[in-house]
Amino acid sequence: MTSTWSEVVSQRWMRWLDRRIPRARSVTLSQRQIFIFPSRTGFFFALCLLVMLIAAINYQNNMSYALTFLLANLFVVAVLHTYANLSGLTITAVRAGDAFAGQRSGFHLRFSSSNKRGHHALLVGWPEAPEMRRRRRLFTDLLSSPAMVAVEEIDMEPGASRDLVLHIPVGRRGWYRPERLRIESSYPLGLLRCWTWVDLDQCALVYPAPLVAAEPEGAAGDSPDGRWLSGKGDDEFYGIRDYRAGDNPRRVYWKGLARGQTLQTKDYASAVADARWLEWDQFSGLDRERRLSALCHWVLDYHRREFEFGLRIPGVEIAPSAGDRQRDEALRALALFGLNDAEHTA
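Residues numbered from 1 in each chain as written. Predicted model: local features only at pLDDT ≥ 70, side-chain atom pairs only at ≥ 80, totals over all residues. Heavy atoms only, no water.

1. Some thoughts on the packing of helix 2 (residues 40-59) against helix 3 (residues 62-86)
Each pair of packed helices can be described by the angle between their axes along with the distance between the axes.
Part 1 of the argument: At a minimum axis separation of 9 Å, helix 2 and helix 3 run at an interaxial angle of 155°. Here helix 2 lies roughly antiparallel to helix 3, going by the angle between them. Crossing of helix 2 over helix 3 shows left-handed handedness. Taking contact as the criterion, the partners of Gly42, Phe45, Leu49, Met52, Leu53, Ala56 and Ile57 in helix 2 are, on helix 3, Ser64, Tyr65, Leu67, Thr68, Phe69, Leu71, Ala72 and Phe75.
Part 2 of the argument: Classifying every residue of the contact of helix 2 with helix 3 by side-chain character gives twelve nonpolar, three polar and no charged. (Axes fitted to C-alpha atoms, helices over the stretch in contact; angles between N-to-C directions. Helix = DSSP H or I, 4+ residues; strand = E, 2+ residues; numbered from the N terminus. Parallel < 35°, antiparallel > 145°, perpendicular 65-115°, else oblique. Left-handed = near helix turned anticlockwise from the far one by under 90°. Contact = heavy atoms within 4.5 Å. Nonpolar A, V, L, I, M, F, W, Y, C, P; charged D, E, K, R; others polar.)

Written out as structure tokens, the structure reads:
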């Protein structure tokens, strides 16, 4: 029964948080996005104040009253300064680096200060548990700080900006969107914790993890020695053909013309390697995910060796080409293969 009640409270809390701090590319913190609550030190401090107040009442000691109320006033002032340490901070999602499944992706963030006080001792990171959205509890946030990964502590001068890269592990292939980013501070006295959960509109593309596999048969084309492209380059003499308007006069076959033949042109050709094809059926002995991983391995291998290659998988055909753009297009097709529309546009 307790677990059911806890789940209901957690779900309502998350729906309220989604309405209060919606997903955005850039967020400027104000009282709407900031939460504040006494820390454990703050609760101990309040308990000490209560004991001091009881002692002052019991002994009717004016100095005890003065000290108690002075420290209580210090607590109130700490509330304002702790809140002001986060207020006015702008967090912007810059970009996310692509990664392979099981590795870490770098999320690039920019922090900007718009107030005259600056921001000090800010802890920035993501929750340690990937299931944070489903498991996080309101009372856990209030009473203690959750464990976080990729934690960085930053300080910012008034009006300054700072770029930060946080590396977090990514899961399976496809689009990976991290959970809400937590920014927390207990500056200046540690009596209160001030934090926020911002949902940045930022996601990384996760490619299949490369799997070493034997090179598929027939991937290198029909000719092991490559092929000749007629009319391209001047590597080797290819033959004689009829003259066409615009042909280079230096390639005209003058000897044949002198012997009374028709005007002809010498043709040259360049040797090029056959384009390699990577196809879905070439790895029929593997299941879907391992097949994608094997194709990913050979895409990277052919790109490293500067081969021209094409990719054929169900529903996708990428014409042979070479270079970084061809590699990226092929890896993207493998990463998004078989995913539904929501996962494609995450």
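2. Considerations on the sheet that holds strand 17 (residues 309-313)
Part 1 of the argument: A sheet is described by the order of its strands in space; here three strands give the open sequence 16-17-18, paired in mixed fashion. Strands at the two margins of the open sheet, each flanked by one partner only, are strand 16 (276-279) and strand 18 (316-321). Pairwise comparison of adjacent strand axes, ignoring direction, gives a mean angle of 15° for this sheet.
Part 2 of the argument: Inspection of the sheet shows strand 17 paired to strand 18 by four bridges, in the antiparallel sense. Within strand 18, the residue paired with leucine 311 across the bridge is isoleucine 318.
Part 3 of the argument: Running over the sheet, helix 7 (residues 288-304) touches strand 16 and strand 17 and is turned about 165° from strand 16.
Part 4 of the argument: On top of the sheet, helix 8 (residues 324-335) reaches strand 17 and strand 18; it is set at about 15° to strand 17, its chief contact. (Pairing = 2+ DSSP bridges.)

3. Some points on a nonpolar patch on the surface
Part 1 of the argument: A grouping of Phe44, Leu47, Leu50, Val51 and Ile54 is seen on the molecular surface, where their side chains present a nonpolar patch of about 510 Å² in accessible area.
Part 2 of the argument: With a relative accessible area of 48%, leucine 47 lands in the partly exposed category. (Patch = residues over 30% accessible without salt bridge, like charges linked within 9 Å, V, L, I, M, F, W, Y side chains within 5 Å. Areas by Shrake-Rupley, 256 points an atom, 1.4 Å probe, with all protein chains shown as cover. Salt bridge = Lys/Arg side-chain N within 4 Å of Asp/Glu carboxyl O. Buried < 20%, exposed > 50% of the residue type's maximum accessible area, 1.4 Å probe, protein only.)

4. Concerning the nonpolar core
Part 1 of the argument: With 26 residues, the main nonpolar core has Leu278, Leu295, Val299, Leu311, Ile313 and Leu334 as its most contacted residues.
Part 2 of the argument: Secondary-structure elements contributing two or more residues to this core are strand 12 (204-207), helix 7, strand 17 and helix 8.
Part 3 of the argument: Ignoring any residue separated from it by four or fewer positions in sequence, one finds leucine 334 in contact with Arg173, Pro208, Leu292, Leu295, Cys296, Val299, Leu311 and Ile313.
Part 4 of the argument: In this structure, Ala93, Phe111, Leu166 and Leu181 belong to the second largest nonpolar core, which totals 25 residues. (Core = buried A, V, L, I, M, F, W, Y, C linked by side-chain atoms within 4.5 Å.)

5. A look at the pattern of salt bridges
Part 1 of the argument: For the structure on display, the rule yields 13 salt bridges.
Part 2 of the argument: The partner of aspartate 301 in a salt bridge is arginine 305, with the nearest N and O atoms 2.5 Å apart.
Part 3 of the argument: Judged by relative accessible area, which is 11%, aspartate 301 ranks as buried.
Part 4 of the argument: For arginine 305, a relative accessible area of 35% translates into the label partly exposed.
Part 5 of the argument: One continuous salt-bridge network, built from bridges that share partners, spans Arg173, Arg288 and Glu289.

The values reported here are purely geometric and, on their own, carry no functional implication.
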